[in-house]
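Structural description and commentary
The residues making up each chain are set out below.
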Amino acid sequence: MNYRHLGRSGLKVSELSFGSWVTFGNQMGEDKARECMAAAYAAGINFFDNAEGYALGQSEIVMGNVLKKLAWRRGSYLVSTKFYWGLHVGPNEKNTLNRKRLLEAIDGSLTRLQLDYVDLVFCHRPDPTTPIEETVWAMHDIVARGKAVYWGTSEWSAAEIMEAWQIADKHHLHKPVMEQPQYNMFNRRKVEYEYARLYQDIGLGTTTWSPLASGLLTGKYNAGIPAESRANLKDYEWLKPALTDLEQIDKVRKLAPIAADLGITLAQMALAWCLKNPHVSTVITGASRVEQVHENMKAQDAVEKLNPEVMALIDEVLGNKPLEEG
Ligand SMILES: NC(=O)c1ccc[n+]([C@@H]2O[C@H](COP(=O)([O-])OP(=O)(O)OC[C@H]3O[C@@H](n4cnc5c(N)ncnc54)[C@H](OP(=O)(O)O)[C@@H]3O)[C@@H](O)[C@H]2O)c1
């Protein structure tokens, strides 16, 4: 496993990491989760991504129990959580990054995870109704109180990230270190275009999500929705339109021979493609069974096969090059 610096910070993250969205507390309980986390850790993964909202807190409970059972050295792994959507309906408990909520949220997550601190804490979405300054002070206080080590954002605009960074800089507060955006062959704009300045200007790191576009890029949706898939889960019907989009599926079909010629699977090619971008600090993978973890970990070896000619072939199929947008 290769390790990359999380932006300009001193922290090193494994270039592939493992997240629990959809899966923990939904598709898998503790036993399967432990099997997957153990396989990921054995492959060298040191970062496990979570959020308070995943399975309404159940995902953190499952991960906390698994970590306790596996009893790894605390210094050998990183855990994250994220706040925004909340766990309860109420004016100060839902869709907010206000100070009260953030300071209460971190304590709830630490209890569910059974940890003294998380390594990374994210503002899961921007909250245009709370002043960014209030959020920055609260995130600083969470770090200053030793409850998280680094803080960052998820799906914020470049302007919002820059504003947060400048407020922190002005008041000598802990600055946002990383952003968690979607990044895959079908969603390139934020990472390749919108954030381009931030890598240089503020040393932004990225922990990118949905590298397989929820499984679409594995080819598993080419012949319809498989019974054993995320798109078939109750509460995830909203994923169906994207996972059955004929234009995207046509592209996946055209990518298949490129992967076959390289002797790798489509999933491995899609993950390796994300790893080719040096502004990606870590690609957060997801899996609903351990076989997928094993297959996905081999993506590291596929990176060198994606030479400039192969990358050009892939671009031709995708037909999207955000950096060239006007
Ligand atoms: N910050 C945010 O807003 C945000 C949003 C989304 C995700 N995330 C983070 O990013 C992580 C990864 O996102 P993601 O789960 O959407 O990633 P993904 O890689 O796009 O999708 C993972 C899913 O694809 C299927 N899959 C994985 N490997 C496969 C393989 N080799 N062959 C066939 N199918 C395979 C599995 O679903 P099936 O059950 O269908 O097989 C698996 O759960 C999440 O766990 C979470 O930590 C963050």
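Everything quoted here is computed from the prediction, not taken from an experiment. Along every chain, residues carry numbers that run from 1 in the direction the sequence is written. In keeping with the model being predicted, local features are shown solely for residues with a pLDDT of at least 70 and side-chain atom pairs are shown and tallied solely at 80 or more, while totals for entire chains, interfaces and linings include all residues. Excluding hydrogens and water, the side-chain values take into account all heavy atoms of the structure.

1. Quick look at the overall build of the protein chain
Comment: elements are numbered from the N terminus, with helices defined as DSSP H or I runs of at least four residues and strands as E runs of at least two. Helix and strand content of the protein chain: 13 helices and ten strands. In this description the radius of gyration comes from C-alpha coordinates, and the expected globular size is given by 2.2 Å times residues to the power 0.38. The globule rule puts the C-alpha radius of gyration for 326 residues at 20 Å, and the 19 Å found for the protein chain is close to it. Along the first, second and third principal axes, the C-alpha set of the protein chain runs to 50 × 45 × 35 Å. In the protein chain, which comprises 326 residues, the share counted as buried stands at 56%. Throughout, a contact is declared for two residues whenever any of their heavy atoms are within 4.5 Å. Within the protein chain, contacts between residues separated by at least 24 positions form 78% of all contacts whose residues are at least 6 apart in sequence. Here the Shrake-Rupley method, with its probe set to 1.4 Å, supplies the accessible areas, and only the displayed protein chains count as covering residues. A total accessible area of about 14,100 Å² is found for the protein chain, and carbon and sulfur atoms account for 51% of it. His is not counted, nor are the chain ends; Lys and Arg add positive charge and Asp and Glu add negative charge. For this purpose, a charge sits on NZ of Lys, CZ of Arg, CG of Asp or CD of Glu. Charge centroids of the protein chain, computed over 36 positive and 40 negative side chains, lie 3 Å from each other. Working definition: with a 1.4 Å probe on protein chains only, accessible area under 20% of the residue-type maximum means buried, over 50% means exposed, and in between means partly exposed.

2. Topic: unusual backbone geometry
Of note, Glu155 is a non-glycine position whose phi angle comes to about 60°, a positive value. Positionally, Glu155 belongs in the loop between β7 (148-153) and α5 (158-170). Glu155 gets classed as buried once you look at its relative accessible area, which sits at 19%. The residue Ala213 is not glycine, and still its phi comes out positive at about 50°. Along the chain, the position of Ala213 falls in the loop between β9 (205-208) and α8 (240-243). Judged by its relative accessible area of 13%, Ala213 falls in the buried class.

3. A closer look at the packing of aromatic side chains
For Phe, Tyr and Trp, where Trp contributes only its six-membered ring, two rings pair if their centres lie within 6.5 Å, and the inter-plane angle classes them as stacked under 30 degrees, edge-to-face over 60, or tilted in between. This structure, assessed with the given rule, holds nine aromatic pairs. With 6.2 Å between their ring centres and 55° between their planes, Phe18 and Phe24 make a pair best called tilted. Assigned by exposure class, Phe18 and Phe24 land together as buried. Aromatic pair Trp21 and Tyr236: ring centres 6.1 Å apart, planes at 75°, arrangement edge-to-face.

4. Let's talk about the site of the ligand
Around the ligand, the surrounding shell holds 34 residues, and the nearest of these are Asp49, Ser210, Ser214, Lys220 and Arg230. At 2.9 Å, a side-chain N or O of Asn296 approaches a nitrogen atom of the ligand. Taken together, the elements giving at least two residues each to the shell around the ligand come down to β10 (282-285) and α11 (290-297). Considering every element that reaches the shell around the ligand, the biggest residue donor is α11, with three residues. Consider each residue's heavy atoms; a residue with any of them within 4 Å of a molecule or strand counts as near. N or O atoms within 3.5 Å of each other form a polar contact, as long as, within protein, one can give a hydrogen and the other can take it, and as long as residues adjacent in sequence are counted only when both atoms are side-chain atoms.

5. Topic: the side chain of Lys82
Assignment of secondary structure puts Lys82 in strand β5 (residues 78-83). Reaching out from Lys82, the side chain makes a polar contact with the side chain of Gln180 at a distance of 3.5 Å.

6. Quick notes on the packing of helix α9 (residues 246-262) against helix α13 (residues 308-318)
Helix axes are fitted only over the stretch in contact, all axes being lines through C-alpha atoms; the angle between N-to-C directions runs from 0 to 180 degrees. Taken N-terminus to C-terminus, the directions of α9 and α13 make an angle of 165°; their axes are 9 Å apart at the nearest point. Judged by the angle between their axes, α9 and α13 are roughly antiparallel. Where α9 crosses over α13, the handedness of that crossing is right-handed. The residues of α13 that touch α9, namely those facing Lys251, Lys254, Leu255, Ile258 and Leu262, are Val310, Leu313, Ile314, Val317 and Leu318. Following the grouping adopted for this structure description, the nonpolar residues are Ala, Val, Leu, Ile, Met, Phe, Trp, Tyr, Cys and Pro, the charged ones are Asp, Glu, Lys and Arg, and the polar ones are all others, Gly among them. Taken together, the residues of the contact of α9 with α13 sort by class into eight nonpolar, no polar and two charged. For classification purposes, an angle smaller than 35 degrees is called roughly parallel, one larger than 145 roughly antiparallel, one from 65 to 115 roughly perpendicular, and anything else oblique. Crossing handedness is defined as follows: a turn of the near helix away from the far one that is anticlockwise and smaller than a right angle gives a left-handed crossing, while the clockwise case is right-handed.

7. Quick notes on the sheet that holds strand β8 (residues 176-179)
At least two DSSP bridges between two strands are required for those strands to pair. The eight strands lie next to each other as β3-β4-β5-β6-β7-β8-β9-β10, forming a closed barrel whose pairing is parallel. The mean angle between the axes of side-by-side strands here comes to 30°, regardless of whether they run parallel or antiparallel. With five bridges joining them, strand β6 (residues 118-123) and β7 adopt parallel strand pairing. Opposite Phe122, over in β7, you have Gly152 as the bridge partner. The strands touched by helix α3 (residues 99-113) are β5 and β6; relative to β5, the strand with the most contacts, the crossing angle is about 140°.

8. Overview of the pairing of β7
Every regular strand shows the same layout, with side chains that alternate between the two sheet faces. For the segment spanning β6, helix α4 (residues 132-144) and β7, crossover handedness is right-handed. Bridge count between β7 and β8: three bridges; the pairing is parallel. Bridging from a neighbouring strand, Gly152 pairs with Met178 of β8. Here the term right-handed applies to a crossover when the path leading from its first strand over the helix to its second strand runs clockwise, the strands being oriented away from the viewer. Following the backbone out of β7, through α5 and into the adjacent parallel β8, one traces a crossover that is right-handed.

9. What about the packing of helix α1 (residues 30-42) against helix α2 (residues 58-70)?
For the pair α1 and α2, interaxial distance at closest approach is 9 Å and the crossing angle is 60°. Taken as axis vectors, α1 and α2 run oblique relative to one another. As α1 runs across α2, the sense of the crossing is right-handed. Residues Glu30, Ala33, Arg34, Met37 and Ala38 of α1 lie in contact with α2, whose contacting residues are Val62, Met63, Asn65, Val66, Leu67, Lys69 and Leu70. Here the residues of the contact of α1 with α2 are counted per class, giving eight nonpolar, one polar and three charged.

10. With respect to the nonpolar core
By size, the foremost hydrophobic cluster in this structure holds 97 residues, and its most contacted members are Phe18, Leu255 and Met269. Counting residues per element, this core draws most heavily on helix α10 (residues 266-275), which supplies nine residues. The criterion is simple. A nonpolar core is a set of buried Ala, Val, Leu, Ile, Met, Phe, Trp, Tyr and Cys residues joined through side-chain atoms within 4.5 Å. Judged by nonpolar contacts, the second largest core, of ten residues, contains Leu11, Phe47, Leu120 and Ile284.

Any link to function would need more than the numbers given here.
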